[in-house]
Amino acid sequence: MLTKFETKSNRVKGLSFHAKRPWILASLHSGVIQLWDYRMGTLIDRFDEHDGPVRGVHFHKSQPLFVSGGDDYKIKVWNYKLHRCLFTLLGHLDYVRTVQFHHEYPWIVSASDDQTIRIWNWQSRTCISVLTGHNHYVMSASFHPKEDLVVSASLDQTVRVWDIGALRKKTVSPADEVIRLPQMNTDFFGGVDAVVKYVLEGHERGVNWASFHPTLPLIVSGADDRHVKIWRMNDTKAWEVDTLRGHMNNVSCVLFHAKQDVIVSNSEDKSIRIWDSTKRTGLQTFRREHDRFWILSAHPEMNLLAAGHDNGIMVFKLERERPAFSVTGDSLLFVKDRFLRAFEYSTQKETQLIPIRRPGSNGLNQGPRTLSYSPTENAVLVCSDVDGGTYELYVIPKDNNYGRGETFQDAKRGSGLSAVFVARNRFAVLEKSTNHVLVKNLNNEIVKKSELPIAADAIFYAGTGNLLCKSEDRVVIFDLQQRVILGDLQSPFVRYVVWSPDMESVALLSKHSVIIADKKLSHRCTLHETIRVKSGGWDDNGVFIYTTLTHIKYCLPNGVSGIIKTLEVPLYITKIYGSTIFCLDRDGKCRPVIIDSTEYVFKLSLLRKRYDQVMSMIKNSDLCGQAMIAYLQQKGFPQVALYFVKDEKLRFNLALESGNIEKALESAKKIDDKDYWYRLGVEALRQGNAGIVEYAYQRTKNFERLSFHYLITGNLGKLSKMMKIAEVNNDVMGQFHDALYLGDAQERVKILENSGHFPLAYLTASVHGLNDAAERIRAELGDDNVPSLPDGLQKPSLLIPPSPVLSAGDWPLLMVGKGIFEGGLDDAGRDVADDDDHDEVAGGEWGEPLDIIGEVGNLQNGDIAAVLVDEEHEENEEEGGWDLEDLGLPPDAETPKTSSAAARSSAFVTPTLGVPVSHVWIQKSSLAAEQAAAGDFGAAMRLLNRQLGIRNFAPLKSRFVDLHVGSHTYLRALASLPVLSTAVERRGWSESSPNDVRGPPALVFDFSQLEEKLRAGYKSTTSGKFSEALRHFVSILHTIPLIVVESRREVDEVKELIVVAREYALGLQMELKRRELKDDPIRQQELAAYFTHCNLQLPHTRLALLNAMTVCFKGRNLIAASNFARRLLETNPSNEAHAKNARQVLQAAERDMRDAARLNYDSRNPFVICGATHVPIYRGQKDAACCYCGARFVPSQEGNLCSVCDLAVVGGDASGLMCSPSQIR
């Protein structure tokens, strides 16, 4: 059984496959109907209108409908597109057991515990026939797939076959029925429409299920008597053929397999059994430990089955459908219908070579699994799963004349999980039991035997004399001659291996991933798929093409992938020639599939920087689509994406992103939207293109921005005209601002006077020395209303802007080389320009003058001065010649020339940004400290996890931040600018060093700091401040992973420091724990004893021994106390008081050599201390170690966090500490 999908849910009572989509319906005992996608493994929808268990469910063959029946006596018809129930059919008087749509007519058949079978018309929503005759619950009812028959199973121990031919005739020709309507006055149940054709009796208990064979006149049934019975029928009678025995409990469901000659049954004995329908014998049994099976369903089109049990559903196949094949040169060899066949790609001709032996044993999955071919010897190895794995060696004669009916000499056979040719006349066989590879010759004789370096479950060809061996999570390339590993790679469970034609690259295919590596198994990229990966092949460009269940996809060398084509059925790639992919389907047919390779060849050209090829493809192909545009943007080619886009708004966005202000201007003119003109103005201002800024402000009629633009560019002439336009437009504030920008005090006085602000006008005229205007305004105000200036003011500073030195234009641009795409793509895009654009190119101007004033109308640009010269006219005067609704800008406001041929030839691309130093650190360094200093905390964490097995990064968070902040300095430039961050290099800056060479980052942690912490820890330990000392030693352990030293000698010192810190941290943890245990003197003595076995400095060892001696002596464990006293005296203690105490303890112990309590401590047997449980692990006992600090633990702690360093995992895999560039070199 090949399980494809499983779910966890309540008990499943009904199942139904969708005919076309990868969906399955499951009706649950809880009353919910679930709709699953079994390919993706996701729940699509759920329907829960039934009250009580739903026992039957069925998809319609072509309509978006399904029907369900449950214990609420209701039959509901649902539309899964609308996500709702359409209507309910009422009529049954008890539980509805099964429901089914007819394959042709608008009928539903239902079986119920009310002892009836009903046929419904779901279009008219009426019951059209009631089939009565059973005298107990009817457990199942189903239509025949082709004929006008219904089969039903009942607990009355019978299976009944009903003829519904009359019902079909009545449906097909209802007019005839109207004529015979008087004769149709039958009883309530309408018995003439459906009659019992056969009653099959033979089961000794109630029958739970009966179903028809898809093509033959056979019926299979399963019952509570634990038997499966096969029945045959003809036109006149039906009889029992055979009984299949083997189930240990009630048979729940049974059906014929549509593609194979087998019967599938399931039972409440928690098993699914497969039976040979011709030999009527059991083939295989699949069991679950705790779940009873209730229902089976077969896919109407595909080789899929589903079973429902107490806790969910499972979708499975009985046999694998992938044909065994091998490609050599221009030929494909494959097995089909028990024959070895050859297919030539050049002629696309298939020939039959030799017959393949049929497996002798009964069972499933006994067909050929893999094929290996030696072209020079014309020999074929066929591997299968017969008897746990066997191979057969065939030699194909040169003048092959064998046909289908002829026999062929016996092949040479042997046992082995895998067999593959490794040389011209040598093949390797994997012997699973001993994990050896046997190299054999063509006579099937062993010539060499090698032990594999890993516990392999399959071997693949990897070049002459080499094997690719795979285990559960690892693959290696093994040299059979030298018996060494050439490459090693961690990977998920690999199913297939595909080598490139030049043997330089390999693709490892697992169920849901594709791994690309080189010939030494150096990892290049990994792709993850949600749908199963089926096969793959390499094309001529080095692109890997692979198939899933539903698509043909590609994978570039950098890991970029995409969809090439959607598949109707799964295909297996054998060979790729240009744009033709040759595939095998599940029926063993060779099929060429034509694909469009333009997309991935284009991306590959971009990746390999073959820009001439990119240019050619842009001009000559129809590359387009949002995905391609998004890809080009993502990869930093928005200027290329610009030429794929027809939508002007998207072209505008891409032009702004690529900094192509001219293209953005073209699109903005076509869009002509205020927001787009505003964004164009912002980008033009950023680039310093004053002409386009001015034009954009004109198009948006943004007078305030336009005036300020003229002010900062020093264009006083246009600024004065803006003031006149504001006056004509009656914009008082705009006119006043323009006068203020110009420093025109007389104009400001006039504006204030016309606005009625006479006091302000008087003050302005007086301050600026305009005495005539001041006197005139004073006369109008009168002496009483004249404002006075405060006394004592010094001479005021007047609001007069400085005069511009020159009128600024566009910012100067750096002269750089023209980009590869600029000229060529402009030529490519020139053909799509509109005629209006060509006119503008020819004229070189912006075109017609702009109307930027809404209220002022039809004046020509040159007439503005005429309006303003005649100051005698009133503003509200309405004369026909001065239609102020059409006033335009002066002729100076012309748009700059951007589209001329000369402009195109001198277009330049802006230089690319430099690479930040932090990026250089990230790319060049393999040290975690330098990655953290560069700010790539994720990479630093991955390195520490791989090198030291660190899993808990919380204690390192502050150190990561300190490293990053400490490797940068921060400068404040101007108040309006953000703070500038500058990287600080470890070796400092030198004039002699090249500009493009960057040193490693300066780090805030160094080895000297650790030495200071070590001395502080020693001092705290000596003074008895154990908590403080523990903090020092744990801090050392937390800092060492982020230390960088220069020499190998310093690396050794760092490793020694880890051991010292670990020993002290473990000992101090035990001592602190001992002090907490007030009520457990025995445990106190044990912990004190263990402390003496930590590798401490001599003074601290003496103190630990003295402490243990004292604790044990007080606990009357005199033997243990004398042992510590003796060890203390052996160290020659400098403190005479300590020596005196030790001698006294020895004397006391000699008088009474006994221990009051037995301790878990044996001083004569060497041991290490578990860092978590603080118990001894004696020599010879199993243990696990922390992969960072090396602390030892009992095996039960494996997988937990180390309690000594609080960083790494106990028993994890790690490559070792990397703290110096010398280790990498």
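Use the structure listed above.
Residues numbered from 1 in each chain as written. Predicted model: local features only at pLDDT ≥ 70, side-chain atom pairs only at ≥ 80, totals over all residues. Heavy atoms only, no water.

Brief notes about the nonpolar core
Filter applied, for reference: Residue types Ala, Val, Leu, Ile, Met, Phe, Trp, Tyr and Cys, when buried and joined through side-chain atoms within 4.5 Å, form a set referred to as a nonpolar core. Summary of the burial criterion: residues with accessible area below 20% of their type's maximum are buried, those above 50% are exposed, and those between are partly exposed, where the area comes from a 1.4 Å probe applied to protein chains only. Secondary structure is summarised from DSSP: a helix means a run of H or I of at least four residues, a strand means a run of E of at least two, and numbering begins at the N terminus for each.
With 87 residues, the main nonpolar core has Tyr1188 and Cys1189 as its most contacted residues. The element contributing the most residues to this core is helix H27 (residues 1048-1076), with 10 residues. Trp209, Val262, Ile272 and Ala306 belong to the second-largest nonpolar core, a separate cluster that totals 41 residues.

Quick notes on the sheet that holds strand E17 (residues 195-201)
Condition: Should DSSP find at least two bridges between two strands, the strands are regarded as paired. An axis is simply a line fitted to the C-alpha atoms; with a helix, the fit covers only the stretch in contact. Between two such axes, the angle follows the N-to-C directions and lies from 0 to 180 degrees.
Strand order across the open sheet formed by four strands is E14-E15-E16-E17, with antiparallel pairing between neighbours. With partners counted over all chains shown, the strands left at the sheet margins are strand E14 (138-143) and E17, one partner each. Adjacent strand axes in the sheet meet at a mean angle of 20 degrees, parallel and antiparallel pairs treated alike. Judged from the five bridges that link them, E14 and strand E15 (residues 149-154) form a sheet pairing that is antiparallel. Across the sheet, Ser142 pairs through a bridge with Val151, a residue of E15.

Observations regarding the packing of aromatic side chains
Condition: Note on aromatic contacts: the rings of Phe and Tyr and the six-membered ring of Trp form a pair at centre separations within 6.5 Å, being stacked when their planes are under 30 degrees apart, edge-to-face when over 60 apart, and tilted otherwise. By definition here, charges over rings are those cases where NZ of Lys or CZ of Arg is within 6 Å of the ring centre and within 35 degrees of the ring normal.
Within this structure, the stated rule accounts for 33 aromatic pairs. With 4.9 Å between their ring centres and 55 degrees between their planes, Tyr345 and Phe582 make a pair best called tilted. Of this pair, Tyr345 sits in the loop between strand E31 (339-344) and strand E32 (349-355) while Phe582 sits in strand E54 (residues 580-584), placing them 237 residues apart in sequence. For the pair Tyr345 and Phe582, a shared accessibility class is recorded, and that class is buried. Aromatic side chains Phe652 and Tyr676 sit 5.1 Å apart centroid to centroid with 75 degrees between the ring planes, which places their arrangement in the edge-to-face category. Remark: Tyr676 occurs in helix H9 (residues 674-687) and Phe652 occurs in helix H7 (residues 648-658); sequence separation between them is 24 residues. You can call Phe652 buried: its relative accessible area is 0%. In this structure an aromatic cluster arises from ring pairing among Trp23, Phe47, Phe59, Phe66, Trp78 and Tyr80. Taking NZ or CZ as reference, Lys13 lies 3.9 Å from the ring centre of Trp294, over its face. Just above the ring of Phe1113 sits the side chain of Arg1116; from NZ or CZ to the centre is 5.7 Å.

A closer look at helix H21 (residues 917-924)
Residues three or four positions apart in an α-helix share a direction because the helix packs 3.6 residues into each turn. Where we set the bar: As used here, the arc is the angular range of directions from the helix axis to the C-beta atoms. Contacts: residue pairs with any heavy atoms within 4.5 Å of one another.
Considered for burial, the residues of H21 that qualify are Val917, Ser918, Val920 and Trp921. For H21, the angular spread of the buried residues around the axis is 155 degrees, confining them to a single face. Against helix H22 (928-934), strand E56 (968-971) and strand E57 (980-983) lie the buried residues of H21.

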